[in-house]
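# Tertiary structure, described
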Amino acid sequence: MMNLGSIGKRLRVLCLPILFAFGVLGLTISSASALGGFGGGGSGGDYGKTLKEVKSKGYVQCGVSQGLPGFSNPDDAGNWSGIDVEFCRSVAAAIFGDADKVQYSPLSAKVRFESLRSGEVDLLARNTTWTFDRDVALGLEFVGVNYYDGQGFMVRRNLGVDSSFELNNVSVCTNTGTTTELNAADFFRANKLKYKIVAFEKADEVVAAYDAGRCDVYTTDRSGLAAQRTKLSNPREHKVLPEIISKEPLGPVVRQGDEQWADIVRWTLNALIAAEELELTSGNIASHKNSENPKIRRFVGAEGEFGTALGLDDNAWAYNIISKVGNYAEIYERTVGPKTPLGLARGANALWTKGGILYAPPLR
Ligand SMILES: N[C@@H](CCC(=O)N[C@@H](CS)C(=O)NCC(=O)O)C(=O)O
């Protein structure tokens, strides 16, 4: 009969080779992934393709909206501005050390994903909500969130409505190809309210139709309502109702399959947020070039090979983003913040240390 001691001995004899095998395998896997990360190995045939193409043409082709103040909007001379535009500029600064090396492709909500998938644009920074379906089923990759939002409703004050739950028998203007359409359908159905959707592909058509009184309600992301309201003939005649009916985490998107490019775009976003955490701004970063703080030394490229690991020519890639564009707070304040026509408080878009949910993973 076997006693417990002999079972223990047998298990040890069996387990040692197994543990050894796993040890070797573990080592092989971790060194392979380290090589993949730093040596440009990676998976799939498209790894590295986008950066190579972007470098050879000399600019980033960025998909933006057709005109949404605060996010991506052209002026009369064709100069683009907005939080998404500044994100495109940040990616260009990371790659070329020059934020102006960007071309913009204005895209409707409906065509944006196909334009990205077909390679017409390198990157989409177009007030686009990160959803399961888009991330998983459309062959796309969301790299993070540059504006946390939620959907709301705007009405004429003289409609006499104070809450979204009073919206019964209403016509609702919105854009086709958006999460907005789907959320509105969910909201009215769940609350047993009667409604009719009036949808247009072009945002300006939605604004014009609502302004002309063709619908009672305008629904989109609340940041979008704040932006589009500035285009109405008399913005003061309208109000945004208090309820937020959905989560709309808006963020930059790339094609699936080129992990190097996804990493460049993801770490550009992280660098903007990390710089705010480290209190590095466009105005002061030059004076931190020789900082003794290890976190800042890694950020400005004085230590480590983070640029090389991303396939970039310059380890000062994050330094270049901040010196040429600014950190997340600077961008927010000049595009959508309280002092702009949109007048949006930081809210959820404040740093995690200041009551919001913005948080950058460590650069190390
Ligand atoms: N975040 C939503 C809505 C995006 C959307 O297209 N919104 C409209 C209304 S704010 C818009 O961008 N209009 C400006 C344009 O189409 O140029 C989504 O990703 O589906």
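Residues numbered from 1 in each chain as written. Predicted model: local features only at pLDDT ≥ 70, side-chain atom pairs only at ≥ 80, totals over all residues.

### Some remarks on the overall build of the protein chain
This is how the line gets drawn: Numbering of helices and strands runs from the N terminus, with a helix taken as a DSSP run of H or I at least four residues long and a strand as a DSSP run of E at least two residues long. With C-beta atoms placed from the backbone, the exposure class of a residue follows from how many other C-beta atoms lie within 10 Å of its own: 20 or more, buried; 12 or fewer, exposed; in between, partly exposed. A pair of residues counts as a contact when their C-beta atoms, built from backbone coordinates, are separated by no more than 7 Å.
When its secondary structure is counted, the protein chain shows 13 helices and 14 strands. A total of 364 residues make up the protein chain; the buried ones form 42% of that total. The contacts in the protein chain between residues at least 6 apart in sequence include a share of 72% that link residues at least 24 apart.

### Examining the site of the ligand
Formally: Near, as applied to residues and a molecule or strand, means the residue's backbone-placed C-beta atom lies within 6 Å of it. Under the scheme applied here, ten amino acids are nonpolar (Ala, Val, Leu, Ile, Met, Phe, Trp, Tyr, Cys and Pro), four are charged (Asp, Glu, Lys and Arg), and all others, including Gly, are polar.
Not every one of the 19 residues close to the ligand is listed here, only the nearest: Ser65, Gln66, Ala109, Ala203 and Gly224. Of all the secondary-structure elements, those providing two or more residues to the shell around the ligand are α6 (179–190), β11 (217–221) and β13 (248–250). Residue composition of the shell around the ligand, grouped by class: four nonpolar, 13 polar and two charged.

### A few points about the sheet that holds β11
Here is the rule: Only when DSSP finds a minimum of two bridges between them are two strands counted as paired. As a rule, the C-alpha atoms of each element are fitted with a line to give its axis, helices using only the stretch in contact, and angles between N-to-C directions run from 0 to 180 degrees.
Strand order in the open sheet formed by five strands is β10-β9-β11-β8-β12, with mixed pairing between adjacent strands. Across the chains shown, the open sheet's two edge strands, defined by having one partner strand only, are β10 (195–200) and β12 (238–240). Across this sheet, the average inter-strand angle for adjacent strands is 30°, counted without regard to direction. Judged from the two bridges that link them, strand β9 (residues 170–175) and β11 form a sheet pairing that is parallel. In the strand pairing of β11, Val172 is matched with Val217. α6 contacts β8 (151–156), β9, β10 and β11 of the sheet and is inclined by roughly 155° relative to β9. Against the sheet, helix α7 (residues 203–211) makes contact with β9, β10 and β11, and its axis sits at roughly 155° relative to β9, the strand it touches most.

### Some thoughts on the packing of helix α3 (residues 83–96) against helix α12 (residues 317–324)
Convention followed: Every angle not falling under 35 degrees, over 145, or within 65 to 115 is termed oblique; those three ranges are roughly parallel, roughly antiparallel and roughly perpendicular. Put simply, a crossing is left-handed when the front helix is turned counterclockwise from the back one by less than a right angle, and right-handed when it is turned clockwise.
One can describe the packing of α3 onto α12 by two numbers: an axis separation of 8 Å at closest approach and a directional angle of 135°. As summarised for this structure, α3 and α12 are arranged oblique, according to the angle between their axes. For the crossing formed where α3 meets α12, the hand is right-handed. Contacts from Ser90, Ala93 and Ala94 in α3 reach Trp317, Asn320, Ile321 and Lys324 in α12.

### Here we look at the pairing of β10
Note the following rule: When the strands point away from the viewer and the path from the first strand over the helix to the second turns clockwise, the crossover is right-handed.
Both β9 and β10 contribute to a ladder of six bridges, which runs parallel. Of the residues in β10, the one forming a bridge with Thr174 is Ala199. With α6 bridging β9 and the parallel β10, this β-α-β connection has right-handed handedness.

### Observations concerning the confidence of the model for the protein chain
Note the threshold: pLDDT: the predictor's confidence for each residue, scored from 0 to 100.
On average, the protein chain scores 90 in pLDDT, and the residues at 70 or more come to 88%. In the model, residues 1–43 has pLDDT below 50 throughout and makes 13 contacts with residues more than four positions away in sequence or in other chains.

### Thoughts on the nonpolar core
This is how it is decided: In this description, a nonpolar core means buried residues of the types Ala, Val, Leu, Ile, Met, Phe, Trp, Tyr and Cys, linked to one another by C-beta atoms lying within 7 Å. Residue ranges for the domains trace back to a domain assignment, done automatically or taken from a database.
Cys88, Val91 and Leu123 are the most contacted members of the largest nonpolar core, which totals 93 residues. The element that contributes the greatest number of residues to this core is helix α9 (residues 259–277), accounting for eleven residues. Each of domain 1 (49–148 + 250–354) and domain 2 (151–246) contributes no fewer than three residues to this core. Ignoring any residue separated from it by four or fewer positions in sequence, one finds Val91 in contact with Val60, Leu123, Ile264, Val265 and Thr268.

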